[in-house]
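Structure assessment
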Amino acid sequence: MMVVSSRFIGNVATPFFDSSDNIEQGSGVGGAIMNSAGATMVLSDCCLVDNAAETDGPAIWTAGVDGGAGVAEVGGTCAANNAVTGPDAGAGRDCNGVFDQAQNSCSPFNACGEGVCSVSTM
């Protein structure tokens, strides 16, 4: 999938999701974007700000296994203030970029400048 010139602001991933049939589902990872195993995502000129996840990957979470290339950023993407909110909050799990589950690591993007991701009210 290719994601170009998109803003992901204020999204939250929790372990619970109330679907229309009252089944609770959810992973608690991937506050803004969750990239599944075997998938490849390409980002360009995107903004990820103020997203949260209960467990890991408050901006972007990728499984990083099964032959997928994971997430490739090809220019202009920035991130800021993306945080883990669950039991590991404040334990170095925040990630302003891509959290790779297979590697258990974060690859940060450049920081967003003031007003870069502002939302138009028009």
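Bear in mind that the values here come from a model prediction, so they are computed numbers and not experimental data. (Residues numbered from 1 in each chain as written. Predicted model: local features only at pLDDT ≥ 70, side-chain atom pairs only at ≥ 80, totals over all residues. Heavy atoms only, no water.)

Before going further, it helps to examine the sheet that holds strand E7 (residues 52–53). Strand order in the open sheet made by the three strands is E3-E7-E11, with parallel pairing throughout. Each of the sheet's edge strands pairs with one partner strand only, and the pair in question is strand E3 (12–13) and strand E11 (83–84). The pairing of E7 with E11 spans two bridges and is parallel. Residue Ala52 lies in a different strand from E11, and its bridge partner there is Ala83. (Pairing = 2+ DSSP bridges. Helix = DSSP H or I, 4+ residues; strand = E, 2+ residues; numbered from the N terminus.)

A few words now on unusual backbone geometry. Working note: non-glycine residues mostly have negative phi, and peptide bonds are mostly trans. Phi at Asp45 is positive, roughly 55 degrees, even though this residue is not glycine. Structurally, Asp45 can be placed in the loop between strand E5 (40–44) and strand E6 (47–49). One non-glycine residue, Asn81, adopts positive backbone phi at about 60 degrees. By the secondary structure assignment, Asn81 is in the loop between strand E10 (78–80) and E11.

Spatial ordering of the open sheet is given by E2-E6-E10-E14, a layout of four strands whose pairing is parallel. Each of the sheet's edge strands pairs with one partner strand only, and the pair in question is strand E2 (7–9) and strand E14 (110–111). With two bridges joining them, E10 and E14 adopt parallel strand pairing. Each bridged residue has a counterpart across the sheet, and for Cys78 the counterpart in E14 is Asn110.

Averaged over every residue, the pLDDT of the protein is 82; residues scoring 70 or more account for 82%. Looking at the elements of the protein, mean pLDDT is at its lowest for E3, recorded as 86, and at its highest for E10, recorded as 95. (pLDDT = per-residue confidence, 0-100.)

Under the criterion given, the structure shown has one salt bridge. When the shortest N-O distance is used, the salt bridge between Arg93 and Asp56 registers 2.9 Å. With Arg93 in the loop between E11 and strand E12 (97–100) and Asp56 in the loop between E7 and strand E8 (60–62), this residue pair connects regions lying 37 residues apart in the sequence. (Salt bridge = Lys/Arg side-chain N within 4 Å of Asp/Glu carboxyl O.)

In this section: the side chain of Asn82. Structurally, the position occupied by Asn82 is in the loop between E10 and E11. Among the polar contacts made by the side chain of Asn82, one reaches the main-chain carbonyl oxygen of Leu48 at a distance of 3.0 Å. Separated by 3.0 Å, the side chain of Asn82 and the backbone nitrogen of Asn51 make a polar contact. (Polar contact = N/O pair within 3.5 Å; in protein donor to acceptor, adjacent residues only side chain to side chain.)

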